[in-house]
There are 2 protein chains.
Amino acid sequence: MSKIGPMSGFPEFLPADRIVEQHFLDVIRETFELHGFASIETRAVEPVERLSNQGEDADKEIYGVRRLAAAADDEGPGIGLHFDLTVPFARYVLEHAGKLVFPFRRYQIQKVWRGERPQEGRYREFTQADIDIVDIGTLPSHYEVELPLVIADALRKLPVPEFVIKVNNRKIPEGFYRGLGLDDVATMLRIVDKIDKIGPEKVVERLIEAGATDKQAKLAVQLADISSTDTSFVEKVRALGVEHEILDEGLEQLSQVMAAAEEHAPGLLMADLRIARGLDYYTGAVYEIYLVGQESFGSVGGGGRYDALASDGKTTYPGVGISIGISRLVHRLVSQGLLKSTRSTPTAVLVALNNEDERSDALRTAAVLRGRGIPVEVAPAAAKFGKQIKFADRRGIPFVWFTTENGPEVKDIRSGEQVPADPATWAPPAHDVRPSIETPQENS
Amino acid sequence: MSKIGPMSGFPEFLPADRIVEQHFLDVIRETFELHGFASIETRAVEPVERLSNQGEDADKEIYGVRRLAAAADDEGPGIGLHFDLTVPFARYVLEHAGKLVFPFRRYQIQKVWRGERPQEGRYREFTQADIDIVDIGTLPSHYEVELPLVIADALRKLPVPEFVIKVNNRKIPEGFYRGLGLDDVATMLRIVDKIDKIGPEKVVERLIEAGATDKQAKLAVQLADISSTDTSFVEKVRALGVEHEILDEGLEQLSQVMAAAEEHAPGLLMADLRIARGLDYYTGAVYEIYLVGQESFGSVGGGGRYDALASDGKTTYPGVGISIGISRLVHRLVSQGLLKSTRSTPTAVLVALNNEDERSDALRTAAVLRGRGIPVEVAPAAAKFGKQIKFADRRGIPFVWFTTENGPEVKDIRSGEQVPADPATWAPPAHDVRPSIETPQENS
């Protein structure tokens, strides 16, 4: 038998930390639904051919899946685990287009798998929460404004440290480079995208090697340096003196995003012209979500607009989407001790037993409390007072229900207060009914 | 590019049916938590060696998982997708035993994968919802009473047709056969387990071939024929005149289950001495859940007690668990037209636009309504009255919010009633806030 132990890149939570994760998932789902997104789930596997031909990173590694019992030549085209939720969603849209109503707003919260080298914040199995809006033929640009507001709405309801959603528009660098006379936009973008890693001087050098003049290269780097939490980035770009139709379009669209952000989510979005997330793939807005002061950890989510999320050759389905990296975010906050659950079980009340004959009565008491929405368990065995308290205490269960000579009583084991109680009317304080999430240290 | 299409055995829901599935998952989770079960999730993969050595069915087929980029000799021991939630839970208990508090009550709702030939109700990817209670060293038998009551509590809150949880105790046939002088219990059980497939006469023949006398064989079949919805099965067994200590134990334990069922879940459990679910694996109670009148579809869940869920050689962890086959159950009910969602989106209110300039105001109205728990989306584009109504109607959105000369008004598009409305105070009727599940036909 193989050794018992963790598997690198496949993290698991203990029950208390899973409660933190569930809280995140619940708040995110609730927010997505309040914004009218419908849930879907797609199968975990897709044909390998489909997985290899799509996706935003070229370097992600696919896990192939194959029945162990299959004959070597028996399987037909191979299948693999999905590495994101965008590729399967695109397939779902094409497959079910006739039965969906467009524009289709969907959310999808599922595990994905990538055979990458595991490291902090980078897992081989992790949970993503995605929203996308996809339409037929054309997609209005106001959805590029709406989507980051939905994500901001979800994140600000969560006990997360200060975050920022950095936004750019793919048309801004494209139009800017074209206005400069640099028509190999993809190459220029790839070089400028390295600015955080190699620094601006090296970027200028490489742009010149790639055919830019000194002036062009320096302007490209200056563009990447522009950011603002309002629409003032426009003036800064204009001050560089470059003109192009596509640049105008990009500035206009990003201005709309920032104007809406100022009104509906002040301070949570930042126009940052350095953001270059998968620019060969996106065609309008691009987004990256960072924890403020923890940028070096990498983004905890991102997305953008793609004019051809899916296409069957005749019809094109443009979309815009953002994904939150739930596992990265929750593991990061839990491992830093920034969040913990008040207890490791849903149970709010332990019904104690003086002797085993009381079990049937205890089950009845428990059923009455549960019928009123209070999580209850009955003690595993009859035991002395102190042992029952200790049992509850080890799990963080705040209340123990006793049968005494004077009738039923309930004890708050934290304060020691014990009062007579009727299961039909007694309830714990609202904040004790379910475990809640504590932020042991100030974190923002 | 590979053809777009469904993959046999990997079903997916359209958004409206996904809402039905979510309702099932929500009710089941809520019930499990009210009974004090804590959520865990385990990684999707385990070492193949661990998967092949355990599990209740010998014929299940494991999906191996392997990085496509891995060198042929690079991977070490292989990994595979889990085919149930019991094997990974056993590993989780051993791995984290030092950090868990026993008896440990956990629930786990996750996908599992089996490379079986797909057919109705049998999928290659499906969702299970499991509860288990596991202890160290010994596990009190009252948990065998408690577990089916939890499942019954969940199922009776769901819009499912009449169901029954059939219960047996592994000790009853074992003690009975031993009392008869048939000591090869495993062989006898395997033969009697075929009674539904091959009929009682053939079972008698085969038992005789396996060494039983005619009298022994007939008594074994008579035992398998006994059932009752109360504790009267005990008398029927006694009437067969077989005596054994293990039989007494089994009858006593099953009586406790049925007595508790009569009090806490009348009519939902049935003692059925034919139930033989994986008897080489279970050591006490065994359970199978059926939809009444649809027994031929097979069980929609089941479980039992195992005295060695997990063992590290020194310590043994006995447990009792039951699993609900969510995918089987929901796909069955949805495909039979027994359940449907009132709409295909969470959205309760569509905020219409007279022109695109109103979008910012509309977002503000939507935010106020959402802040009060009402799911809202803003129209994709300004459009005429009729087109907005049609857009809402196609999704089943019940209310459209209009800006009129007289101020904001909201229309119930089903009744046509339109009334003035303030986003700070107006709300849809409670049953319209979220989609609900309809049972188009009487189903019980």
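- Going by the annotation in an unreviewed UniProt entry, the name recorded for chain A is Histidine--tRNA ligase, with Kribbella voronezhensis given as the source organism.
- Annotation of chain A in UniProt includes, under Catalytic activity (unreviewed entry), the sentence "tRNA(His) + L-histidine + ATP = L-histidyl-tRNA(His) + AMP + diphosphate + H(+)".
- For chain A, the Subunit (unreviewed entry) comment in UniProt is given as "Homodimer."

1. Structural notes on the relation of the copies chain A and chain B
Phase 1 of the analysis: Overlaying chain A with chain B gives an RMSD of 0.0 Å, the required rotation being 180 degrees about an axis along which the chain moves by 0.0 Å. Such a turn and shift between the copies fits a two-fold axis. Taking the C-alpha atom as reference, chain A places Val65 of chain A closest to the rotation axis, 2.4 Å from it.
Phase 2 of the analysis: Here 100% of the contact residues of chain A are again contact residues in chain B; the copies associate through an equivalent surface.

2. Thoughts on the packing of aromatic side chains
Phase 1 of the analysis: Across all of its chains, the model carries 19 aromatic pairs over all chains by this definition.
Phase 2 of the analysis: Between Phe32 of chain A and Tyr107 of chain A the ring centres are 5.8 Å apart and the planes differ by 55 degrees, which places this aromatic pair in the tilted class. Within this pair, whereas Phe32 of chain A is found in helix α1 (residues 15–34), its partner Tyr107 of chain A is found in strand β5 (residues 104–113), the two being separated by 75 residues in sequence.
Phase 3 of the analysis: Owing to a relative accessible area of 0%, Phe32 of chain A belongs among the buried residues under this scheme.
Phase 4 of the analysis: One cation-aromatic arrangement involves Arg106 of chain B over Phe89 of chain B; the distance from NZ or CZ to the ring centre is 3.8 Å.

3. A word on the interface of chain A and chain B
Phase 1 of the analysis: Taken together, the 93 residues of chain A in the interface contact 93 residues of chain B.
Phase 2 of the analysis: Carbon and sulfur atoms make up 54% of the surface buried where chain A meets chain B, a total of about 8200 Å² over both sides.
Phase 3 of the analysis: Taken together, the links from chain A to chain B amount to 16 salt bridges.
Phase 4 of the analysis: Here Arg29 of chain A makes a salt bridge to Asp26 of chain B, at a shortest N to O gap of 2.8 Å.
Phase 5 of the analysis: Summed over the shared surface of chain A and chain B, the number is 48 residue pairs in polar contact (both at pLDDT 80 or more).
Phase 6 of the analysis: Per-element tally for the side of chain A that touches chain B: the top contributor is α1 of chain A, with nine residues.
Phase 7 of the analysis: Among the residues forming the side of chain A that touches chain B, the class breakdown is 42 nonpolar, 20 polar and 31 charged.
Phase 8 of the analysis: For strand β3 (residues 63–67) of chain A and strand β3 (residues 63–67) of chain B, the ladder comprises five bridges, and the chain directions are antiparallel. If you follow Gly64 of chain A over to β3 of chain B, its bridge partner there is Arg66 of chain B.

4. What to know about the sheet that holds strand β15 (residues 376–378) of chain A
All names here are of chain A.
Phase 1 of the analysis: Pairing is mixed across the open sheet formed by five strands, whose spatial order is β15-β14-β16-β17-β18. Of all the strands in the sheet, just β15 and β18 (418–420) have a single pairing partner and so form its edges. For this sheet, the mean inter-axis angle between neighbouring strands, taken without regard to orientation, is 25 degrees.
Phase 2 of the analysis: Note: strand β14 (residues 349–351) against strand β16 (residues 399–404), three bridges, orientation parallel. Bridge pairing in β16 links Val349 to Phe399.
Phase 3 of the analysis: Relative to the sheet, helix α13 (residues 385–395) contacts β14, β15, β16, β17 (407–412) and β18, its axis offset from that of β16 by approximately 160 degrees.

5. Remarks on helix α6 (residues 185–192) of chain B
Residue and element names in this part refer to chain B.
Phase 1 of the analysis: Every buried residue of α6 is accounted for by Val185, Met188, Leu189, Ile191 and Val192. Buried residues in α6, looked at end-on, bunch into an arc of 165 degrees, giving them a common side.
Phase 2 of the analysis: Looking at the buried residues of α6, the elements they touch are α5 (171–180), α7 (195–209) and α8 (214–224).

What counts, and where the lines are drawn
Residues numbered from 1 in each chain as written. Chains lettered and ligands numbered in written order. Predicted model: local features only at pLDDT ≥ 70, side-chain atom pairs only at ≥ 80, totals over all residues. Heavy atoms only, no water. UniProt positions renumbered as here; feature names shortened; annotations may be inferred. Least-squares fit on C-alpha atoms with pLDDT ≥ 70 in both. Contact = heavy atoms within 4.5 Å. Phe/Tyr/Trp six-rings, centres within 6.5 Å; stacked < 30°, edge-to-face > 60°. Helix = DSSP H or I, 4+ residues; strand = E, 2+ residues; numbered from the N terminus. Buried < 20%, exposed > 50% of the residue type's maximum accessible area, 1.4 Å probe, protein only. Lys NZ or Arg CZ within 6 Å of the ring centre and 35° of its normal. Buried area = accessible area lost by both parts, 1.4 Å probe. Salt bridge = Lys/Arg side-chain N within 4 Å of Asp/Glu carboxyl O. Polar contact = N/O pair within 3.5 Å; in protein donor to acceptor, adjacent residues only side chain to side chain. Nonpolar A, V, L, I, M, F, W, Y, C, P; charged D, E, K, R; others polar. Pairing = 2+ DSSP bridges. Axes fitted to C-alpha atoms, helices over the stretch in contact; angles between N-to-C directions. Arc of directions from axis to C-beta.

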